[in-house]
Amino acid sequence: KISDAKEDWLHPGDLLERNGAFYTSESAASILFMGDSHMSQYSQRVLNLYQQGDSKESVFLTGGGCTFIPNLVEKNDKKCSEKSKLLKEILLINPIETIVIGLCFNCYFTKNDNSLTYHESDQKRLLLSNDVGLNAAKISFYNLVKKLSLKYKIIILHDNPVDNRFDPTYIVGSSSEGKRSVPIISNVVAESFPQNLEQIELEKDLILNLSNYATHINQSEKVCPNAVCMPLDDNLIPIYKDSDHMTASFVKSKMDVLDKFFKVTERIIK
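Trainee: Any chance you could break down the pattern of salt bridges for me, citing the residues and the numbers?
Mentor: Applying the stated criterion to the full structure yields eight salt bridges. Note that Asp259 is salt-bridged to Arg45, the shortest N-O span being 2.8 Å. Pair noted here: Asp259 is in helix H11 (residues 259-262) and Arg45 is in helix H3 (residues 43-51), with a separation of 214 residues, a long-range link. Taken individually, Asp259 and Arg45 each receive the classification buried, so the pair is uniform in this respect. The partner of Lys138 in a salt bridge is Asp205, with the nearest N and O atoms 3.2 Å apart. Taken together, the residues Lys138 in helix H6 (residues 131-149) and Asp205 in helix H8 (residues 197-210) connect sequence positions 67 residues apart. Lys138 sits in the buried class, given a relative accessible area of 13%. Taking relative accessible area as the criterion, Asp205 reaches 22% and is therefore assigned partly exposed.

Trainee: Explain H6 residue by residue, including any values.
Mentor: Taking 1.5 Å of rise per residue, the 19 residues of H6 would be expected to cover 27 Å, and the 27 Å separating its terminal C-alpha atoms lies within 8% of that figure. Its side-chain oxygen at 3.1 Å from the backbone nitrogen of Val132, Asn130 defines the N-terminal cap of H6.

Trainee: Talk me through the side chain of His38; I want residue IDs and the actual numbers.
Mentor: Summarising the element assignment, His38 is placed in helix H2 (residues 37-40). What makes His38 buried here is its relative accessible area of 2%. Among the polar contacts made by the side chain of His38, one reaches the side chain of Asp159 at a distance of 2.6 Å. In terms of polar contacts, His38 uses its side chain to reach the side chain of Asp244, at 2.7 Å.

Trainee: Quick one: what's the story with the nonpolar core, residue by residue and with numbers?
Mentor: One finds Leu32, Ile99, Ile101, Phe109, Phe141 and Ile154 to be the most contacted residues of the largest nonpolar core, which totals 40 residues. The element best represented in this core is H6, accounting for seven residues. If sequence neighbours within four positions are ignored, Phe141 has contacts with Ile69, Ile101, Leu103, Phe105, Phe109, Ile156, Leu206 and Leu210. Core analysis: the next-biggest nonpolar cluster, separate from the first, contains 29 residues, Ile239, Tyr240, Val251 and Val257 among them.

Trainee: Outline the packing of aromatic side chains, listing residues and values.
Mentor: Tallying each qualifying case throughout the model produces seven aromatic pairs. When the centroid spacing of 4.5 Å and the interplanar angle of 10° are considered together, the rings of Phe33 and Phe60 count as stacked. Taken as a pair, Phe33 in strand E3 (residues 31-35) and Phe60 in strand E4 (residues 58-62) lie far apart in primary sequence, 27 residues in all. The same class applies to Phe33 and to Phe60, which are both buried. Members of the aromatic cluster, connected to one another through ring pairs, are Phe33, Phe60 and Phe262.

Trainee: I'd like to hear about the sheet that holds strand E5 (residues 72-73), residue by residue, with values.
Mentor: Sheet architecture is open: three strands sit in the order E5-E7-E8, paired in antiparallel fashion. Unpaired on one side and paired on the other, E5 and strand E8 (124-127) mark the two borders of the sheet. Relative to strand E7 (residues 118-121), E5 runs antiparallel, the two sharing two bridges. By the bridge assignment, Val73 is partnered in E7 with Tyr118. The sheet strands contacting H6 are E5, E7 and E8, and the helix crosses E8 at an angle near 100°.

Trainee: Describe in detail the state of the cysteines, supporting the description with residues and values.
Mentor: As used here, a disulfide is simply a covalent bond connecting the sulfur atoms of two cysteines. Scanning the entire structure with this criterion turns up three disulfides. One disulfide bridge connects Cys104 with Cys107, the sulfur atoms lying 1.9 Å from each other. Disulfide Cys104-Cys107: the torsion about the S-S bond is 60°, which places it as right-handed. Accessibility expressed as a relative area gives 2% for Cys104, which makes it buried. Judged by relative accessible area, which is 25%, Cys107 ranks as partly exposed. Each sulfur of the disulfide joining Cys224 and Cys229 lies 2.0 Å from the other.

Reading the values: rules and limits
Residues numbered from 1 in each chain as written. Predicted model: local features only at pLDDT ≥ 70, side-chain atom pairs only at ≥ 80, totals over all residues. Heavy atoms only, no water. Salt bridge = Lys/Arg side-chain N within 4 Å of Asp/Glu carboxyl O. Helix = DSSP H or I, 4+ residues; strand = E, 2+ residues; numbered from the N terminus. Buried < 20%, exposed > 50% of the residue type's maximum accessible area, 1.4 Å probe, protein only. Expected span 1.5 Å × (residues − 1). Polar contact = N/O pair within 3.5 Å; in protein donor to acceptor, adjacent residues only side chain to side chain. Core = buried A, V, L, I, M, F, W, Y, C linked by side-chain atoms within 4.5 Å. Contact = heavy atoms within 4.5 Å. Phe/Tyr/Trp six-rings, centres within 6.5 Å; stacked < 30°, edge-to-face > 60°. Pairing = 2+ DSSP bridges. Axes fitted to C-alpha atoms, helices over the stretch in contact; angles between N-to-C directions. Disulfide = S-S within 2.5 Å.

Everything listed here is a matter of geometry and, on its own, says nothing about what the molecule does.
Below you can see the structure in the form of structure tokens.
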């Protein structure tokens, strides 16, 4: 089960691809989910509820490593630039009311090795691995949210905790083939650990700067209640597929933090 968790990822699944974005149906969408793979994590929960008649029409504009933050150049810049160009088109052809922004904020806005991501302005490239570049990137994000909030309801999905101790590979040891056919030990031992303090402070920083422009949604309370993280659920199954992505199964069964923003008040019979 621990080994299988590494493959527990399903995006876009049965979402319908239209012009580079993924929709719950052929109909126009009123909810836009935008961001990188940390936003994509929710696609199957949204789709599952939609298929039950419990969700509004939605569209996912997401890409691995794509932040949609102006002047932020990512390692997947060509793909992400194309995705960013789609934003204007999606807002034009859909009656979007709410935009949910979800990013690996803990990857971009903390002191990680961001050697492949930089902020570019006035022909200057500032790495996010130093304070000047990091602050410039944050300001660009703040300005994006403020601009979008003039016309849309903005939801900021604060990042899920990121830590190597969530990774199933860390729990059972590594394997050159990616999966282990025979467990390394008969009893899996996965200990709890404290949530990263820098990541906690980042959440406070985002709220401080954007509380007047967006609704803030916390994921950490579900993943690391009381700032204590446990890599396995009650059935001893990992809740993450790697160090920073939750499994599709965990999100579908437990992560209801966004439901109130896309669920319908009365079930739609399909």
